[in-house]
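# An overview of the molecular structure
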Amino acid sequence: MDFFSPIVDERAARELIRMVEGEGQRGPIQIPTMTPAALTSRNLDFASYSIQYVYLLAQMAEDEVNRVFWATKTSELLQKFNSAFIHLAARMFGILANKYADYLIAENKAMSELKTFALAVQRLQRAPGQLTPLHPIFLKLCLKTHHYNYAAELLQEPITSIMAEDRQMDVLGVLLFFYYGGLVHVGLKAFDAAIQCFSAVLCAPTEKSISAVAVAAYQKLILVSLIKYGEIVPLPKVTANTLRNIRVLCQPYNELVSAFTAGSVPAFDRAVERGRAQLEAHHSLGLVSQCRRALLSSKIQQLTKVYLTLSLTDLAKRVGLPGPAEALELLLVMIADGSINAQIDQHTDLVSFGQAGEQFETVETLAALDAKITNSAKLYERIRSLDSELRVTRAYVSKANNLDTSGVAGLSLTGETADMME
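Now for a description of the structure that goes with this document. Bear in mind that the values here come from a model prediction, so they are computed numbers and not experimental data.

Between its terminal C-alpha atoms helix 7 (residues 134-145) stretches 17 Å, which fits the 16 Å expected from 12 residues at 1.5 Å a residue. Extensive coverage of helix 7 is indicated by the burial of 11 of its 12 residues. Of the positions making up helix 7, those classed as buried are Leu-134, His-135, Pro-136, Ile-137, Phe-138, Leu-139, Lys-140, Leu-141, Cys-142, Leu-143 and Thr-145. Turning to helix 7, the residues buried within the fold contact helix 5 (90-106), helix 6 (114-124), strand 1 (130-131), helix 8 (148-155) and helix 9 (171-187). At the C-terminal side of helix 7, His-146 shows a positive phi close to 60°.

Right under this line is the structure:
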């Protein structure tokens, strides 16, 4: 067979891939260099030539002159590839798709192709829940366009298998999927889910070298843990060896943890300034800012357990804020999200803390409250019914009559009071 023989079954597809990769029994086959005009003239349909398109377009990816033609054809391939055979070349397909994604990001066109990639992921899967080379690419595009909810739909599907046949899905692709997934959850403020994704990266088996993805995942896990829990969450024991090597590469983050756990806002700010260059390079300053707010919120919550009333000036000084204006801003946010229950007198600048009352805002809470009220009403009616039944029983009437005739019902409390006073 030659390179342009149509693919009619899986055997032919495997044979072409082996020949292109130099592993076929008939020897290696050369991928022809095609100009846009030459490729167009052949009029190759995507159903019969999907694998040929993968290799041809991967070769054309570096052609800056014909960039638009290449992008158009790659988009068509993502929409029209033959799902019966393309999985056999999924690794190369993923490489091509990743180059196309980078092109879209550079040209600020990623938004227009999100649906194309989402559908391509579904079509490439051999079974529901299978992780493919297109998964991390789609998540990357969602992150770049801030379409976190679109990515969350994909992340809701549990991963039950990996497209590992013939090395179609490598370890890096798996790590990137969970790392990007963690970042998507961070964007949605779903911090527990983010921690799970970052932990999955750290639990992956590694060689002697340390993965850059694992280092980045641990850095983000530190910040998310501080925001959510005020400390680094315990990680599985299998991560012990990996973490021992990674922590050495995370010095700015280690200093942030020390300052946070010590409850020192000035120390936290100094740690941020010392590591600002690295934190900015890692795109972590946004999470660091959230960590600082979490630290301040934690200190205010501690004050509510000690003081009933504080001035804004005194509160700012105790927490480590520049002044009363910043203290007021943070208090309003905490009151709005239900973190604390407080009232602010703007005339005197006094803050009065109270017990955080239960907020009946969600459908679940209202349903539970309604159920309790209904049960209480039923219990009350049952007690009334039992009381009415008891009052007409012969035994009750007899005892009541005996008590009335013996004078016990009219007993004076004078003697009992006197005894108690002695």
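The next thing to look at is the side chain of Thr-239. Relative to the helices and strands, Thr-239 is located in the loop between helix 11 (212-229) and helix 12 (240-246). According to the relative accessible area criterion, Thr-239 is buried, its value standing at 1%. The contact partners of Thr-239, leaving out residues within four places of it in the chain, are Leu-202 and Cys-203.

A separate point is the pattern of salt bridges. One pass over the full model with this rule turns up 11 salt bridges. Linking Glu-76 and Lys-80 is a salt bridge whose minimum nitrogen-to-oxygen distance equals 3.7 Å. Separated by 4 residues within a single helix, Glu-76 and Lys-80 lie in helix 4 (residues 67-80), roughly one turn from each other. On the accessibility criterion, Lys-80 (46% relative accessible area) is partly exposed. A salt bridge links Arg-276 to Glu-273, with the shortest nitrogen-to-oxygen separation between them at 2.7 Å.

About the criteria used
Residues numbered from 1 in each chain as written. Predicted model: local features only at pLDDT ≥ 70, side-chain atom pairs only at ≥ 80, totals over all residues. Heavy atoms only, no water. Helix = DSSP H or I, 4+ residues; strand = E, 2+ residues; numbered from the N terminus. Expected span 1.5 Å × (residues − 1). Buried < 20%, exposed > 50% of the residue type's maximum accessible area, 1.4 Å probe, protein only. Contact = heavy atoms within 4.5 Å. Salt bridge = Lys/Arg side-chain N within 4 Å of Asp/Glu carboxyl O.

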